[in-house]
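Now for the letters of each chain:
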Amino acid sequence: MSHETCPYSGMPDQAYWKRVVAGVDPGVVDPVGTPPFGLSKSDRVATAGSCFAQHIARYLGNAGLAPYITEPAPVMADAATAQEFQYGTYSARYGNLYTARQLLQLFKRAFDGAEPVDEAWERDGRYFDPYRPSVQPDGFRSLAELRADRRQHLAAVRRMFTGLDVFVFTLGLTESWFNRTDGAVYPVCPGCGWGTFDPVRHGFINFGVNDIVADLGEFLARLRAVNPASRVILTVSPVPLVATAEKRHVLQSTTLSKSVLRVAADMIASTHERVAYFPSYEIITGAFSRGRYFAEDLRSVLPTGVDHVMRTFFNAFLPGVEMRRESAEVPAASPRQERGTVAVSSQDQAFTRVADLICEEEQLDGRTDD
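To start, this report covers the structure provided alongside it. Please read these numbers as outputs of a predicted model, since none were measured by experiment.

1. Describing the environment of A53
Structurally, A53 is set in the loop between β1 (45-49) and α2 (54-62). Along the sequence, A53 and T235 sit 182 residues apart, while their C-alpha atoms lie 8.8 Å from each other. Those residues in contact with A53 that sit more than four places away from it in its chain are A48, Y90 and T170.

Shown next, in the form of structure tokens:
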């Protein structure tokens, strides 16, 4: 009687959990594999996405690779002012793009010229852009000033998409709020920090896999039409939802949202050329980390976790380029466990405040204060 060899016996080490996850130091777990392309120091790398995406541009800059910025701060602005007004946070001053629909909407506005019906939110005589409300902390002095800034901004977006070599987009959420008249989506629910909520005009949507795949597919087709050689890296934010508009526990909504985003990213990366998936979500939330990468709020990612993500990113896409950490060196040894929880090192405790991230979603945490 013949016995066939187990087909797994010839698999490379990456196929075995114990060898590459449970049996190695947490700090060296590298789930990337071989990406379909690499980056060079001369590449113009543009970034966009949810709050977590803000780390990428900073780390590229720290390593001496100038992030691709098409909407720089005015020459008279100091560094603190530039940061407050979100110059350099991303390649252009569009703020956080939490959903694929936001990304596609931005591209259409920049290249098609169509404007949503909801043009401005007014508060105390100041005007805020509904689609990037946090970029002007105190609002614009007039509607004319807002319109002028928007024209300049969308021109910068056009320059970004036509001039970039690589676009890194971090998918953050599936839940979104939209205008019922034209379907335009917002980065935050109206009434939560900016604007006024109106159930007649505003609606809630939770995008599914098919919605996201369709939006990303259309975005890629449009991007390649204006920039045929562009490459795209997709990643999923590991940051849990701060709140959910669904009638269920926020843990359920977080699991569903991240699962949907992960599946959609995989479907796009596996069916489109020059599109890579980078597993930042897996690095931060994987069982091997034993929760050591989250701060006490169980949402904020500690600098040690960001370092792990970006070290792996550099190893995969920029081998030979030294990554400079934003935090102090923290040993990668496995954390000890106490009564089922992970003990956080004193060094980690010293760096529990993550580098300042601008995140409109945090407004939902205080939504009852208004």
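2. Comments concerning α2
Helical periodicity: at 3.6 residues per turn, an α-helix aligns residues three or four positions apart in one direction. Along α2, the positions that sit buried rather than exposed are Q54, H55, I56, A57, Y59 and L60. Against the buried residues of α2 lie β1, β4 (166-171) and α9 (303-317). Two residues or fewer past α2, G64 is found with a positive phi of approximately 90°.

3. Let's talk about empty space enclosed by the protein
Within the structure shown, the criterion is met by three cavities of 30 Å³ or more. Quantified by volume, the largest cavity comes out at close to 110 Å³. At the level of secondary structure, the elements contributing two or more residues to the lining of the largest cavity comprise α4 (100-112) and α5 (143-163). The leading source of residues in the lining of the largest cavity is α4, at four residues. In terms of residue class, the lining of the largest cavity is made up of six nonpolar, three polar and four charged.

4. Quick word on the packing of α4 against helix α6 (residues 209-226)
Contact geometry for α4 and α6: axes closest at 9 Å, N-to-C directions at 30°. Accordingly, the angle class assigned to the pair α4 and α6 is roughly parallel. Handedness of the α4/α6 crossing: left-handed. Of α6, the residues touching α4 (which contributes A100, R101, L103, L104, F107, K108, F111 and D112) are D211, I212, D215, L216, E218, F219, R222, L223 and V226. Here the residues of the contact of α4 with α6 sort into ten nonpolar, no polar and seven charged.

5. Considering unusual backbone geometry
Phi at D124 is positive, roughly 55°, even though this residue is not glycine. Along the chain, the position of D124 falls in the loop between β2 (121-123) and β3 (126-128). D124 gets classed as exposed once you look at its relative accessible area, which sits at 74%. You will see that R274, though not glycine, has its phi angle at about 55°, which is positive. Relative to the assigned elements, R274 resides in the loop between α7 (250-271) and β9 (275-278).

6. Remarks on the sheet that holds strand β6 (residues 185-186)
Read across the open sheet, the three strands follow the order β6-β5-β7; overall the sheet is antiparallel. In this open sheet, the two edge strands, each paired with only one partner strand, are β6 and β7 (202-206). Across two bridges, strand β5 (residues 175-179) lies against β6 in antiparallel orientation. Pairing of F178 across the sheet is with V185, part of β6.

7. Remarks on the environment of F314
Its location among the elements puts F314 in helix α9. Overall, F314 belongs to the buried group, its relative accessible area being 1%. In the structure, F314 is positioned 276 residues away from G38 in sequence and 9.7 Å away in space, judged by C-alpha atoms. The residues contacting F314, other than those within four sequence positions of it, are Y59, L60, A63, P319, V321, E322 and M323.

How each quantity is defined
Residues numbered from 1 in each chain as written. Predicted model: local features only at pLDDT ≥ 70, side-chain atom pairs only at ≥ 80, totals over all residues. Heavy atoms only, no water. Helix = DSSP H or I, 4+ residues; strand = E, 2+ residues; numbered from the N terminus. Contact = heavy atoms within 4.5 Å. Buried < 20%, exposed > 50% of the residue type's maximum accessible area, 1.4 Å probe, protein only. 1 Å grid on protein atoms, 1.4 Å probe; cavity = no way out; pocket = protein on both sides within 12 Å on 5 of 7 lines; lining within 4 Å. Points joined across faces, edges and corners; volume = space filled by probe spheres on them. Nonpolar A, V, L, I, M, F, W, Y, C, P; charged D, E, K, R; others polar. Axes fitted to C-alpha atoms, helices over the stretch in contact; angles between N-to-C directions. Parallel < 35°, antiparallel > 145°, perpendicular 65-115°, else oblique. Left-handed = near helix turned anticlockwise from the far one by under 90°. Pairing = 2+ DSSP bridges.

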